[in-house]
Structures are given as C-alpha cells and as structure tokens.
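Survey of secondary and tertiary structure
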Amino acid sequence: MNIARTSAGGCLITALLAFSYSGAWADETAHFDPQFHEGTQKLVEELVTKGIPEEWLTDAVNQAVFSQSVLDAMEGAAERRLRWHEYRDIFLTQQRIEEGAEFINTHAEALSRAEDVYGVPPEVITAIIGVETYYGRHKGRHRVLDSLATLAFYHPVRGNFFRGELAAFLDIAYEQDVEPSELYGSYAGAMGYPQFIPTSYQAYAVDFDGDGMRDLWENPTDAIGSVANYFAVHGWQREGAIYHEATGPEIVPEELPFNQTGAPKVTAADAMAAGVEAEVDLDPELPVVPVWLEFADDSIGYRLGEYNLYVIMRYNHSHLYAMAVAELSEAIAQQVEDQR
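This one's a predicted model, so the numbers in the text were calculated from it and none came from an experiment.

The next thing to look at is the UniProt feature "active site" (unreviewed entry) in the protein. Those residues carrying the UniProt feature "active site" (unreviewed entry) are Glu 132 in this numbering. Looking at where Glu 132 falls in the secondary structure, it is placed in helix 9 (residues 122-133). Under the relative-accessibility criterion, Glu 132 is labelled buried at 14%.

This paragraph deals with unusual backbone geometry. For Tyr 135, which is not a glycine, the phi torsion comes out positive at approximately 65°. Looking at the element boundaries, Tyr 135 is found in the loop between helix 9 and strand 1 (142-143). We classify Tyr 135 as buried; its relative accessible area is 11%. Here the phi dihedral of Glu 239 falls at roughly 65°; this positive angle occurs in a residue that is not glycine. The residue Glu 239 is located in the loop between helix 13 (220-233) and strand 3 (243-247) in this model.

So, about the packing of helix 8 (residues 108-118) against helix 13. Running from N to C, helix 8 and helix 13 point in directions that differ by 20°, and their axes come no closer than 9 Å. In terms of orientation, helix 8 and helix 13 fall into the roughly parallel class. As helix 8 runs across helix 13, the sense of the crossing is right-handed. From helix 8, Ala 110, Leu 111, Arg 113, Ala 114 and Tyr 118 reach across to helix 13, where they touch Thr 221, Ile 224, Gly 225, Ala 228, Asn 229 and Ala 232. Residue composition of the contact of helix 8 with helix 13, by class: seven nonpolar, three polar and one charged.

Inspection of every chain in the model, using the stated rule, returns 12 salt bridges. Between Arg 163 and Glu 46 there is a salt bridge, and its shortest N-O distance comes to 2.9 Å. Placement of Arg 163 in helix 11 (residues 159-175) and of Glu 46 in helix 2 (residues 38-48) is noted, with a sequence separation of 117 residues between them. You can call Arg 163 partly exposed: its relative accessible area is 21%. The shortest N-O distance in the salt bridge between Glu 294 and Arg 83 comes to 2.8 Å. Taken together, the residues span a long stretch of sequence, with Glu 294 in strand 6 (residues 287-294) and Arg 83 in the loop between helix 5 (78-81) and helix 6 (84-91) at a distance of 211 residues. The exposure class of Glu 294 is partly exposed, given its relative accessible area of 24%. Classification of Arg 83 as partly exposed rests on a relative accessible area of 27%. What emerges from the salt-bridge pattern is a single network uniting Arg 88, Glu 245, Arg 303 and Glu 327.

The nonpolar side chains of a soluble globular protein tend to be buried with one another. Core analysis: the biggest nonpolar cluster contains 90 residues, and Ile 125, Leu 166, Leu 170 and Phe 231 have the highest contact counts within it. By residue number, the principal contributor to this core is helix 16 (residues 319-339), which donates 11 residues. When neighbours within four sequence positions are excluded, Phe 231 is seen to be in contact with Val 120, Val 124, Ile 128, Trp 236, Val 311, Ile 312 and Tyr 315.

Here the focus is the pairing of strand 6. In this structure, strand 4 (residues 266-267) lies alongside strand 6, joined through two bridges in antiparallel fashion. Paired with Thr 267 across the strands is Pro 287, a residue of strand 6. Pairing analysis gives six bridges linking strand 6 to strand 7 (residues 300-305), with the strands arranged antiparallel. Bridge pairing links Val 291 to Arg 303 in strand 7. Counting the residues between successive antiparallel strands, the hairpin from strand 6 to strand 7 contains five residues, one of them, Asp 298, with a positive phi of roughly 70°.

Turning our eyes to something else, we now look at the sheet that holds strand 7. Read from one edge of the open sheet, five strands run 4-6-7-3-5, paired in antiparallel fashion. Among the strands making up the open sheet, the edge pair consists of strand 4 and strand 5 (277-278).

Given a rise of 1.5 Å per residue, 17 residues ought to cover 24 Å, and the 24 Å separating the end C-alpha atoms of helix 11 matches this to within 8%. When helix 11 is considered as a whole, its buried residues turn out to be Gly 159, Phe 162, Glu 165, Leu 166, Ala 167, Ala 168, Phe 169, Leu 170, Ile 172 and Ala 173. Where the residues of helix 11 are buried, they touch helix 2, helix 3 (54-62), helix 10 (144-154) and helix 12 (198-204). Two residues or fewer after helix 11 comes Asp 177, characterised by a positive phi angle close to 55°.

Okay, the environment of Met 323 next. Mapping Met 323 onto the fold places it in helix 16. Given the relative accessible area of 0%, Met 323 is considered buried. Considered as a pair, Met 323 and Met 313 are 10 residues apart in the sequence and their alpha carbons are 9.1 Å apart. Once you skip the residues sitting within four places of it in the chain, Met 323 turns out to touch Trp 84, Tyr 243, Val 291, Leu 293, Arg 303 and Leu 309.

Summed over the entire model, instances satisfying the criterion amount to 20 aromatic pairs. Aromatic side chains Tyr 201 and Trp 217 sit 5.1 Å apart centroid to centroid with 35° between the ring planes, which places their arrangement in the tilted category. Linking Tyr 201 in helix 12 with Trp 217 in the loop between helix 12 and helix 13, this pair joins segments that are 16 residues apart in sequence. Judged by its relative accessible area of 0%, Tyr 201 is buried. Look at Trp 217 and you get buried, because its relative accessible area is 7%. Judged by centre distance (5.9 Å) and plane angle (50°), the rings of Phe 258 and Tyr 302 are tilted. In this pair, Phe 258 is assigned in the loop between strand 3 and strand 4 and Tyr 302 in strand 7, connecting sequence segments 44 residues apart. The pair formed by Phe 258 and Tyr 302 is uniform in burial state, with each residue classed as buried. Among the aromatic side chains, those forming a connected cluster through ring pairs are Phe 196, Tyr 204, Tyr 230, Phe 231, Trp 236, Tyr 315 and Tyr 321.

What counts and how
- Residues numbered from 1 in each chain as written.
- Predicted model: local features only at pLDDT ≥ 70, side-chain atom pairs only at ≥ 80, totals over all residues.
- Heavy atoms only, no water.
- UniProt positions renumbered as here; feature names shortened; annotations may be inferred.
- Helix = DSSP H or I, 4+ residues; strand = E, 2+ residues; numbered from the N terminus.
- Buried < 20%, exposed > 50% of the residue type's maximum accessible area, 1.4 Å probe, protein only.
- Axes fitted to C-alpha atoms, helices over the stretch in contact; angles between N-to-C directions.
- Parallel < 35°, antiparallel > 145°, perpendicular 65-115°, else oblique.
- Left-handed = near helix turned anticlockwise from the far one by under 90°.
- Contact = heavy atoms within 4.5 Å.
- Nonpolar A, V, L, I, M, F, W, Y, C, P; charged D, E, K, R; others polar.
- Salt bridge = Lys/Arg side-chain N within 4 Å of Asp/Glu carboxyl O.
- Core = buried A, V, L, I, M, F, W, Y, C linked by side-chain atoms within 4.5 Å.
- Pairing = 2+ DSSP bridges.
- Expected span 1.5 Å × (residues − 1).
- Phe/Tyr/Trp six-rings, centres within 6.5 Å; stacked < 30°, edge-to-face > 60°.

In structure tokens:
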C-alpha cells in the first residue's frame, strides 16, 4: 500500500527533503554492511533477540543497495499531483474493467468465500487488487530490500517508520523461507497482489487456501482473503454503501471538512446545511465523509461517503484512491452483470 502524505509542512521539512533527495546524505556507493553501518548493526542485534540467526540477517542486509530513485519516487505519488479526472482516467479504463470481471470469474470461489467470511463484496476486493497491481500483473519493480533499507536510514522524516518496516520484512522473509533479495515491490516497500507493507503483511495476511503459508506474492487466493480481512478488521460494514452522489454549490463550502481521510466527523444534516445534499434520502444523523472532485471542464462534483469509504482510505490515505476503487468496483460489477 502507498504511504500517507504527512500534513506537516514548513521550511525546515522542505529544506530537509531537498537536502536528502539531492543525494547530500547518501549516494549510489552507500552500503549497509553491519560491520560498517551502525544502523543495520543495531537492527541485526535487535532481530537476533527475536530468534533470527545473525548470519542470515547479516547476509541479507549486506545485499541491500542504496537507491536514490526510491527517495525521489516518495515525492511523486500520483495522489499528490493529479486532479480527480486525471487520476480516475488511470484506473477506469475499459481494459481494467473487463479484466476485473475476468478476475472475478476466475477466482469466483475464493471471492465468494471471502464475502461470506468477511462481508466484503467480490468487486471491492477485485478493485483493490486491480488498482494496486492490475490484478497481479504489476507488483513492483523495486527490490523490497533496497527500498526499505534506503528509506529506513536515509529518509529525513519517516526513517523510524521504515526501519520498522524493514525489520518486519526481514522477519517475514525468514519465517517464510524466502530470499529477501529476490522479492520485488513498490518504491515504498509494498508487496504482492495487494501491495501490503510488511507490518500490514504481518498483521492482516491470511492463509486463505489452507496450504500452511501466507503467500501474497504468488497466491491470488491468499491475496483475496487478506484484502477482505484487512477491510473487516478496519470496520467494513457488511452490505453497507460506500458513497452517494450529491449536489452542491459551485464554490466548495468552507464549513465542511472535505476530502479528509479520517473517520466521518459530520452528519448528512451538517452537509445539507452547507448546501451539499445526497441524491438519495439519508438519515440526517448518518456520519458522512464529504468529498469534492474536480473534473476536466473545471466543474466540481460532490460525494458523501459512508464509513466504508473511510475504510478504503485506511488502505491508502487518499480520497482520490478511495473514489477510484469505489467507481472501479461499480464498473466491474456492472461488467459481470452484463456478461451474464
């Protein structure tokens, strides 16, 4: 999964980012040998106390290579630079919709079972995997080991976070007896069909086919169950709506907390009082996530998300991402229906 953008700003952080990303803190010759790198030395010592052999850990981190491109990519996420219509056009293509319907047909048993167990519809699970990796086609071109080592020790703001992800990644690789240097993922270290970061992998991945291994890299059945489990743990409401189309003024009302990635803080009545009204009747006390979206002709569209929209944003902290998943899931479901 992608990493949420921090709301912190200011000259100091800007300067730090510019300093780091220019290569001033590291270069392509940087290495992570624990004999010479204090950070990896301490990490190895900590993981040894958890039962991972020192020789295995040392060999693993010795293979990590610094990547400036990873640091650069952290500042270029599409959610940060695209308008809604540009972002939507990436994912709402006819090919992705048709292949989503094919994914549902191919994995019908696993998807049906996931809905029974976790309450998440097949089209929503499929849309997540479709947005994240094009149904497993594009799982990432960065070695996860390189990405996480680079971010853990050279990212100026979130190094501690990524250090924890690197530790979790090494733990997973050892536990599942896979070679850390052979696993690929996103620039932020997200892995497999659903692009779980390592701590999410540890917390939410499930062995959904009962073969004794939680494999999100090559096993779509485990990926399906794991996405559904993630949503269920985060409060997905079985048979609940994701969002509602709404109408509103030409100028976005300032009194509503639009496009927030937190849990719903206002009610449908609050939204209506500000001039934003769902196109269907809603309980005035229903908590909602107000969303406004910018289209190619510069017009504005409104949505009122329910709690399930917030759950999608727990997967990726972006209202654009959540709306793309929601609309893709609708289109896939319609495609499946049309093919019957």
